[in-house]
Amino acid sequence: MAVKKTPQRWDRAAQVLKTYPSTFSGMENQVFAILAFGYDSLSNDTIKSYFLYCSMFPSDYEILEDELIELWIGEGLLIASYDIHRSRNQGYDIIESMHDMALWLTTKTEEKKKKVVVKERARMLESRDFAEWKDAQMISLWDIDRISLFDRSVAGPKVPSFPNLETLFLRRSSMDEIPSGFLEKMPLVRVLNLSYNYRLGMCREVHQLVNLEYLNMSFTSINSWSIGGLKKLRCLILNFTHLKEIDQTLISGLSSLQLFSMHGGSHHQRELRLFDQIREDNILYGGKKALLEELESLEYINEISIILPSDISIRKLLSSYKLQSCIRKLHLQCCNNMISLELPPSCVQAMVHLETLQISSCNDLKDVKINAKDKGKQGFIPRYSMVLQKFCKLREVHIISCSKLLNLTWLIYAPCLQLLAVSACESMEELIVGSDRVVEENSGLFSRLTTLQLENLPKLKRICNWVLPFPSLKMIYVHSYENLRKIPFDSNTGKNSLKKIQAEQSWWDGLQWEDEAIKQRFNSFFMP
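Rules and cut-offs
- In every chain, residue numbers begin from 1 and rise along the written sequence.
- Owing to the predicted nature of the model, reporting of local features is limited to residues with pLDDT of at least 70; listing and counting of side-chain atom pairs is limited to 80 or more, with chain, interface and lining totals taken over all residues.
- Water and hydrogen atoms were dropped before computing side-chain values, which therefore reflect all heavy atoms in the structure.
- Strands here are runs of E lasting at least two residues and helices are runs of H or I lasting at least four, both read from the DSSP assignment and numbered beginning at the N terminus.
- The cut-offs for exposure are 20% and 50% of the maximum accessible area for each residue type, with area from a 1.4 Å probe on protein chains only; residues under the lower value are buried, those over the upper are exposed, and the others partly exposed.
- Should any heavy atoms of two residues lie within 4.5 Å, those residues are counted as being in contact.
- Using a 1.4 Å probe, accessible areas were evaluated by the Shrake-Rupley method; residue-level cover was limited to the displayed protein chains.
- Note that the arc is defined by the directions from the helix axis to the C-beta atoms.
- Under the rule applied, a polar contact is a pair of N or O atoms within 3.5 Å (in protein, one hydrogen donor and one hydrogen acceptor; residues adjacent in sequence only if both atoms are side-chain atoms).
- Just to be clear on terms, a salt bridge is a Lys or Arg side-chain nitrogen sitting within 4 Å of an Asp or Glu carboxyl oxygen.
- Strands qualify as paired when DSSP identifies two bridges or more between them.
- Note on method: axes are straight lines fitted to C-alpha atoms, helices fitted across the in-contact stretch only, with angles between N-to-C directions ranging 0 to 180 degrees.
- Here roughly perpendicular refers to angles of 65 to 115 degrees, roughly parallel to angles under 35, roughly antiparallel to angles over 145, and oblique to all remaining angles.
- Residue classes follow a fixed rule: Ala, Val, Leu, Ile, Met, Phe, Trp, Tyr, Cys and Pro count as nonpolar, while Asp, Glu, Lys and Arg count as charged, and any other residue, Gly among them, counts as polar.
- Throughout, disulfides are identified as pairs of cysteine sulfur atoms within 2.5 Å of each other.
- Definitions used for this entry: grid spacing 1 Å over protein atoms alone; cavity, a set of points where a 1.4 Å probe fits but cannot get out; pocket, an open set with protein on both sides within 12 Å along at least 5 of 7 lines; lining residue, one with an atom within 4 Å of a point.
- Grid points are joined across faces, edges and corners, and a volume is the space filled by probe spheres set on the points.
- The charge count treats Lys and Arg as positive and Asp and Glu as negative. His and the chain ends do not count.

Caption draft 1: Spotlight on the overall build of the protein chain. Each helix and strand in the protein chain was counted, giving 16 helices and 22 strands. When the 528 residues of the protein chain are sorted by exposure, 52% land in the buried category. For the protein chain, restricting intrachain contacts to residue pairs at least 6 apart in sequence, the fraction spanning at least 24 positions comes to 60%. Element-wise, carbon and sulfur atoms account for 50% of the exposed surface of the protein chain, whose accessible area totals about 24,600 Å².

Here it is in structure tokens:
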């Protein structure tokens, strides 16, 4: 258990301990954790498929854990695929164990090579190329400038046939659209990844892939969504797109959908005003409230990552236990009529899967509060149940350009926070405002924080009024300060973890220290 270093891996280990306690006896079981953890129903071929999936990426590509796990979910490789959160925990555990499990992966045979095709950096792919891949089960195409279906032998287009294809990656191409007919004869495709095709604006034939379970169109130029009929689709990922139109009832028609992600990127104020001029059958109309209602109607949805650009949509979120319990990444942006964001304990308790929160350009927002009691209920929550009021999985918080926001005291309810980035909040004078009681009850504040970024906070005078040990802190970035003259450090702060303090030399030289020895200790970490 000592090697489990993240909340996801501890969660998975706890599940295993309950179900398979005998697997923790003996060194062999610890080394081959993925087998010892009781994947009794998985064959060696399935285990090998985890490694095989890594071959779908170029050798110089940094494979993100979340991306790989979501693809495994789409392929149905994870046992608990009916529950996205349990699937993620299994995925993290598999990745942790893959180094040791590599001993189980045999050399690919010629037959296996025929089943997996990876092609990188080609100016053009033609019909004759696709004819050679007709037996492939997985095809991965990267950095392709153009696809041509023209066949010289017939002096015209020839639609390629892939009767066995289950997985198709087409990424980082220069194409504006997928050639007509290219997706037509792929009856078994379950996974389609079209991400990072920055110029790609449309893909007309996706609706023909009736067995599709995973679709990723992140980092494309798609701006409208009218594809229906994907009854088996479980994962829909549209991150960092500028979607302005989604037909009404389209989302609710995705009856098997479990994971919906449309986070990242941002909309300018002008774009947000355009949403209210678009016809009302577009579910982005009215600040995405209708989109939330469509997602809420889905029977199997259990993970949502989304940008909410209005106080109306936030009120919808805060009124729905189902939506709250699904939220993984949440971005509140340009909610200019929201003066205070008040979260009752029941809401905090429901957001058990919230991992990332970003609040940006909410220019009227003055404070964020975790209320001591729910509206409509009498009395305060007992102290023994205070643990239920914490964001126990919240790992990243980004606060950007909230000009009236005064402090971030609510972060005392985020005990697992790993990254805090605050910038361009002109009114903020103190990050954590607290009395002696607050100090006593939150001695573990920022105990897991590894990265602290503070930028352009001209009125900030202090982080908090008591010393913090920061036992996990690795990096501090401070820029553009005039009034911050003290930081809550003593000789034990970041004792075994701190690697770097990056800031302007003039700010560092002007800091006030309780003891010169403390300053000398931290000088070795400072980088201008």
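Caption draft 2: Spotlight on unusual backbone geometry. Notably, Phe219 is not glycine yet its phi reads approximately 55 degrees, a positive angle. Examined against the element boundaries, Phe219 turns out to sit in the loop between β7 (214–216) and β8 (224–225). Under the relative-accessibility criterion, Phe219 is labelled partly exposed at 22%.

Caption draft 3: Structural detail: helix α16 (residues 516–523). Within α16 the residues assigned to the buried category are Ile518, Lys519 and Phe522. For α16, the angular spread of the buried residues around the axis is 100 degrees, confining them to a single face. Measuring from the side-chain oxygen of the N-cap residue of α16 to the backbone nitrogen of Ala517 gives 2.8 Å; that N-cap residue is Asp515.

Caption draft 4: The pattern of salt bridges, seen in detail. Inspection of the entire model under this criterion finds 23 salt bridges. Between Arg190 and Glu75 there is a salt bridge whose closest N-O contact spans 2.7 Å. Taken as a pair, Arg190 in the loop between β5 (167–171) and β6 (191–193) and Glu75 in helix α5 (residues 65–75) lie far apart in primary sequence, 115 residues in all. Given the relative accessible area of 9%, Glu75 is considered buried. Among the ionic contacts, a cluster of salt bridges with common partners joins Asp66, Glu70, Arg88, Glu303, Arg328, Glu355 and Arg395.

Caption draft 5: Looking closely at the side chain of Ser320. Turning to its location among the elements, Ser320 is positioned in the loop between α11 (311–318) and α12 (321–326). From its side chain, Ser320 meets the backbone nitrogen of Leu323 in a polar contact 3.1 Å long.

Caption draft 6: Focus on the pairing of strand β13 (residues 327–333). A large share of β13 lies buried, amounting to seven of its seven residues. One ladder, built from five bridges, connects strand β12 (residues 303–308) with β13; its direction is parallel. Looking at the pairing, Leu308 lines up with Leu332 of β13.

Caption draft 7: Representation of the packing of helix α10 (residues 289–296) against α11 within the structure. Look at α10 against α11: their axes get within 8 Å of each other, and the N-to-C directions meet at 25 degrees. In this view, α10 runs roughly parallel relative to α11, as classed from their interaxial angle. Across from Lys289, Leu292, Glu293 and Glu296 in α10, the residues of α11 making contact are Ile312, Ser313, Lys316 and Leu317. Its residues assigned to classes, the contact of α10 with α11 shows three nonpolar, one polar and four charged.

Caption draft 8: Here's a closer look at the state of the cysteines. With the rule as written, the count across this model stands at zero disulfides. Considering cysteine sulfurs only, Cys362 is the nearest to Cys335, which forms no disulfide, with 4.3 Å between them. In this structure Cys416 is a free cysteine whose sulfur lies 6.0 Å from that of Cys392, the closest cysteine sulfur available.

Caption draft 9: Focus on α5. Of all the 11 residues making up α5, 10 are buried; the element is thus mostly covered by neighbouring parts of the structure. Of the residues making up α5, those classed as buried are Asp66, Glu67, Leu68, Ile69, Glu70, Leu71, Trp72, Ile73, Gly74 and Glu75. Just beyond α5, the residue with positive phi is Gly76, at close to 75 degrees.

Caption draft 10: Focus on empty space enclosed by the protein. For the coordinates displayed, the defined rule picks out four cavities of 30 Å³ or more. Taken as a whole, the largest cavity spans an internal volume of roughly 120 Å³. Along the walls of the largest cavity sit 13 residues, with Leu330, Leu332, Leu341, Leu343 and Leu357 positioned nearest its centre. Sorting the residues of the lining of the largest cavity by element identifies α11, β13 and β14 (340–343) as the ones contributing at least two each. The element contributing the most residues to the lining of the largest cavity is α11, with three residues. Of the residues contributing to the lining of the largest cavity, the split by class is 13 nonpolar, no polar and no charged.

Caption draft 11: Structural context of the side chain of Lys329. Relative to the assigned elements, Lys329 resides in strand β13. Among buried charged residues, Lys329 stands out as having no salt bridge; its nearest opposite-charge side chain is Asp66, 4.3 Å away. Excluding its chain neighbours within four sequence positions, the residues that come into contact with Lys329 are Asp66, His263, Ile304, Ser305, Ile306 and Thr356.

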